[in-house]
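Descriptive analysis of the structure
Given next are the chains, with one letter for each unit.
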Amino acid sequence: MAEQARISNLDAIETFRAALIVFTGKTRQALDAAQDAVKKTRAWLNTEQPAFWAAQIKQRQKRLDQAQQELMSARLSNFVDTPSVQQMAVRKARAALEEAQARMERTKTWARDYDRIVSPLVRKLDAMRDYVDTDLAVATARLVEIQKILEAYRETPMPPLSS
């Protein structure tokens, strides 16, 4: 003997559907932001950083040349007994230049390895994007169908009880 199900409130399904739509929108925004960050980081590694470190190397090379010139002048000068200040300036300038060169090399290494390191993670982002765009869209549409079916079921008259 089948009894009719008691459906009293369909608001929970509508509330869940609305929350699913909000979640889908926020997830898309987060995925877009992550993909933009990947692109910006790639551009930063391939263009901005090499240009920055090339300029730093050039600038620091000029400082080293100037410090070496001052050291040479101090050695030839009769006014300076020991050119220790100039020698320290040369060491400091050389260390700064070597640091800039090392950072340029690290930047080149990161730029070369970036796609290999990030690609598996980007594929996961793409898979998540596919899930959000297809599966969650289908789920939202099915919730609408479920609502319609339950609404129609709720509105059907109950059969008379037979004794």
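Description of the structure in this document.

Parameters at a glance
Residues numbered from 1 in each chain as written. Predicted model: local features only at pLDDT ≥ 70, side-chain atom pairs only at ≥ 80, totals over all residues. Heavy atoms only, no water. Helix = DSSP H or I, 4+ residues; strand = E, 2+ residues; numbered from the N terminus. Rg over C-alpha atoms; globule rule 2.2 N^0.38 Å. Buried < 20%, exposed > 50% of the residue type's maximum accessible area, 1.4 Å probe, protein only. Contact = heavy atoms within 4.5 Å. Areas by Shrake-Rupley, 256 points an atom, 1.4 Å probe, with all protein chains shown as cover. Axes fitted to C-alpha atoms, helices over the stretch in contact; angles between N-to-C directions. Parallel < 35°, antiparallel > 145°, perpendicular 65-115°, else oblique. Nonpolar A, V, L, I, M, F, W, Y, C, P; charged D, E, K, R; others polar. Salt bridge = Lys/Arg side-chain N within 4 Å of Asp/Glu carboxyl O. Expected span 1.5 Å × (residues − 1). Bend = angle between axes of the 7 residues up to and from the residue. Core = buried A, V, L, I, M, F, W, Y, C linked by side-chain atoms within 4.5 Å. Polar contact = N/O pair within 3.5 Å; in protein donor to acceptor, adjacent residues only side chain to side chain.

Another aspect to go through is the overall build of the chain. Within the chain, the regular secondary structure consists of 2 helices and 0 strands. At 35 Å, the chain has a C-alpha radius of gyration far larger than the 15 Å of a compact globule built from 163 residues. Considered along the principal axes of its C-alpha atoms, the chain spans approximately 125 × 25 × 20 Å. The buried share among the 163 residues of the chain stands at 22%. For the chain, long-range pairs separated by at least 24 residues make up 84% of all intrachain contacts whose partners lie at least 6 apart in sequence. When the accessible surface of the chain is summed, it comes to about 12300 Å², and 58% of that surface belongs to carbon and sulfur atoms.

It is worth spelling out the packing of helix 1 (residues 11-76) against helix 2 (residues 84-155) at this point. Packed helices, taken two at a time, are described by their axes: the angle between them and the distance between them. One can describe the packing of helix 1 onto helix 2 by two numbers: an axis separation of 8 Å at closest approach and a directional angle of 170°. When the axis of helix 1 is compared with that of helix 2, the two are roughly antiparallel. Looking at the contact of helix 1 with helix 2 residue by residue, the classes come out as 39 nonpolar, 15 polar and 16 charged.

With that out of the way, let us pick up the pattern of salt bridges. In the structure shown here, the tally under the stated rule is 9 salt bridges. Of the charged contacts, one joins Asp32 and Arg129 as a salt bridge, the two residues approaching to 2.1 Å between their closest N and O atoms. Taken as a pair, Asp32 in helix 1 and Arg129 in helix 2 lie far apart in primary sequence, 97 residues in all. Exposure remark for Asp32: the relative accessible area of 36% places this residue in the partly exposed category.

This paragraph deals with helix 1. Compared with the 98 Å implied by 1.5 Å per residue over 66 residues, the 92 Å span of helix 1 between its first and last C-alpha is a close match. At Trp44, helix 1 shows its largest kink, close to 40°.

What follows concerns the side chain of Thr27. Along the chain, the position of Thr27 falls in helix 1. Once residues lying within four places of it in the same chain are set aside, the contact partners of Thr27 are Met128 and Val132.

Below, the discussion takes up the nonpolar core. Judged by nonpolar contacts, Leu10, Ile13, Leu20, Leu31, Leu125, Val132, Leu136 and Leu143 together constitute the single largest core of 8 residues. Every element with two or more residues in this core is listed here: helix 1 and helix 2. Top element by residues in this core is helix 2. It accounts for 4 residues. Apart from the residues within four sequence positions on either side, Leu20 is in contact with Leu136, Ala139, Thr140 and Leu143. Core analysis: the second largest hydrophobic core is formed by 6 residues, Leu64, Leu71, Ala93 and Leu97 among them.

The next point concerns the environment of Lys108. With respect to the helices and strands, the residue Lys108 is situated in helix 2. With 63 residues separating them along the chain, Lys108 and Leu45 place their C-alpha atoms 7.7 Å apart.

On to the side chain of Thr107. Along the polypeptide, Thr107 turns up in helix 2. Side-chain polar atoms of Thr107 contact the backbone oxygen of Arg103, separated by 2.9 Å. Other than its neighbours up to four places away in sequence, Thr107 contacts Leu45, Gln49, Pro50 and Trp53.

This part covers the environment of Lys124. Among the structural elements, Lys124 can be located in helix 2. We classify Lys124 as exposed; its relative accessible area is 61%. As for Lys124 and Ala137, which are separated by 13 residues in sequence, their C-alpha atoms are 19 Å apart.

In short, the description is geometric, and any link to function would need to be established separately.
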